[in-house]
Amino acid sequence: MTRQPPFQMHGLDHLVIRCVDLDAMRRFYCDVLGCTVDRHNKEFGLFQVRAGAHLIDLVPIDGMLGKKGGPAPYKDGLNLDHFAIQIDSFDEDELRSYLGEHNIQIVESGPRYGAEGTGPSIYMLDPEGNTVELKGPPDPALN
């Protein structure tokens, strides 16, 4: 019998969109759709806008994070960097054990900022190579 995941999902925490023209994307998401600016992390090249309770991260392709995704987001490049799923609890050892039972390789882990604040996260790849992040609750010591 397959055991159940050691967490419950709350929903999507954030999406990360790679972009060529950050100003045009910011105007679209903020001025047209009504998102509000949450944070701008110049060091990582990350512009975060709030869409209700969730975040949309805009990452210019010429920035540190954007360069990781390859060419510009059109026919041959990736537009979506990753998406994050909010989970209710985060026991990294238990998550690693559970994912290992399913032969899922963790590609990165550590504290990350998300829609509810900074908290633990684990990055993995789905069977098609998309990056999926499991984002734990905010850590009061980091916020």
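Scroll up for the structure.
A brief look at the structure comes next. All figures in this text were calculated on a predicted structure; none of them were measured in a lab.

**Quick look at the layout of surface pockets**
Alright, step 1. Taken as a whole, the largest pocket encloses approximately 770 Å³ of empty space.
Alright, step 2. Taken together, 28 residues line the largest pocket, and the ones lying closest to its centre are Leu65, Asp81, His82, Arg112 and Tyr123.
Alright, step 3. Contributions of two or more residues to the lining of the largest pocket are made by strand E1 (9-19), strand E2 (36-41), strand E3 (46-51), strand E4 (54-60), strand E5 (80-87), strand E6 (106-114), strand E7 (117-125) and strand E8 (131-135).
Alright, step 4. Take the lining of the largest pocket: its biggest share by element is five residues, from E6.
Alright, step 5. Residue composition of the lining of the largest pocket, by class: eleven nonpolar, nine polar and eight charged.
Alright, step 6. If you add up the space inside the second largest pocket, you get close to 150 Å³.
Alright, step 7. If you go around the second largest pocket, the residues you meet are Phe7, Met9, Ile85, Tyr98, Leu99, Ile104, Met124, Leu125, Asp126, Pro127, Val132 and Leu134.
Alright, step 8. At the level of secondary structure, the elements contributing two or more residues to the lining of the second largest pocket comprise helix H2 (92-101), E7 and E8.

**Some remarks on the environment of phenylalanine 44**
Alright, step 1. Mapping phenylalanine 44 onto the fold places it in the loop between E2 and E3.
Alright, step 2. Residues phenylalanine 44 and proline 60 lie 16 residues apart in sequence; the distance between their C-alpha atoms is 9.8 Å.
Alright, step 3. If we ignore the near neighbours within four places in the chain, the residues touching phenylalanine 44 are Met64 and Leu65.

**Some details on the sheet that holds E2**
Alright, step 1. Strand order in this open sheet of eight strands is E2-E3-E4-E1-E5-E8-E7-E6, and the pairing throughout is mixed. Edge positions in the sheet fall to E2 and E6, since each has one partner strand and no second. Between one strand axis and the next, the sheet turns by 25° as a mean value, whatever way the strands run.
Alright, step 2. Set on the sheet, helix H1 (residues 22-32) makes contact with E1, E2, E3 and E4; between it and E4 the angle comes to about 165°.

**Let's talk about the packing of aromatic side chains**
Alright, step 1. Enumeration according to the criterion identifies one aromatic pair in this entry.
Alright, step 2. Geometrically, the ring pair formed by phenylalanine 28 and tyrosine 29 is edge-to-face, given 5.0 Å between the ring centres and 90° between the ring planes.

**Some remarks on H2**
Along an α-helix, a turn takes 3.6 residues, which lines up residues three or four apart on a common side.
Alright, step 1. All of the buried residues in H2 are Leu95, Tyr98 and Leu99. Along the axis of H2, the buried residues cluster in a sector spanning 95°; they form a single face.
Alright, step 2. Its buried side turned inward, H2 meets E5, E6, E7 and E8.
Alright, step 3. For H2, the side-chain oxygen to backbone nitrogen distance between the N-cap and aspartate 93 is 3.2 Å, and the N-cap itself is aspartate 91.
Alright, step 4. Asparagine 103 sits one or two residues past H2 and shows a positive phi near 55°.

**A look at the nonpolar core**
Alright, step 1. In terms of nonpolar packing, the biggest core is built from twelve residues, these being Phe7, Ile85, Ile87, Phe90, Leu95, Tyr98, Leu99, Ile106, Ile122, Met124, Val132 and Leu134.
Alright, step 2. Residue assignment for this core shows that the elements contributing at least two residues are E5, H2, E7 and E8.
Alright, step 3. Per-element tally for this core: the top contributor is H2, with three residues.
Alright, step 4. When neighbours within four sequence positions are excluded, isoleucine 122 is seen to be in contact with Phe90, Glu92, Leu95, Leu99, Ile106, Glu108, Ser109, Val132, Glu133 and Leu134.

Basis of the calculations
- Residues numbered from 1 in each chain as written.
- Predicted model: local features only at pLDDT ≥ 70, side-chain atom pairs only at ≥ 80, totals over all residues.
- Heavy atoms only, no water.
- 1 Å grid on protein atoms, 1.4 Å probe; cavity = no way out; pocket = protein on both sides within 12 Å on 5 of 7 lines; lining within 4 Å.
- Points joined across faces, edges and corners; volume = space filled by probe spheres on them.
- Helix = DSSP H or I, 4+ residues; strand = E, 2+ residues; numbered from the N terminus.
- Nonpolar A, V, L, I, M, F, W, Y, C, P; charged D, E, K, R; others polar.
- Contact = heavy atoms within 4.5 Å.
- Pairing = 2+ DSSP bridges.
- Axes fitted to C-alpha atoms, helices over the stretch in contact; angles between N-to-C directions.
- Phe/Tyr/Trp six-rings, centres within 6.5 Å; stacked < 30°, edge-to-face > 60°.
- Buried < 20%, exposed > 50% of the residue type's maximum accessible area, 1.4 Å probe, protein only.
- Arc of directions from axis to C-beta.
- Polar contact = N/O pair within 3.5 Å; in protein donor to acceptor, adjacent residues only side chain to side chain.
- Core = buried A, V, L, I, M, F, W, Y, C linked by side-chain atoms within 4.5 Å.

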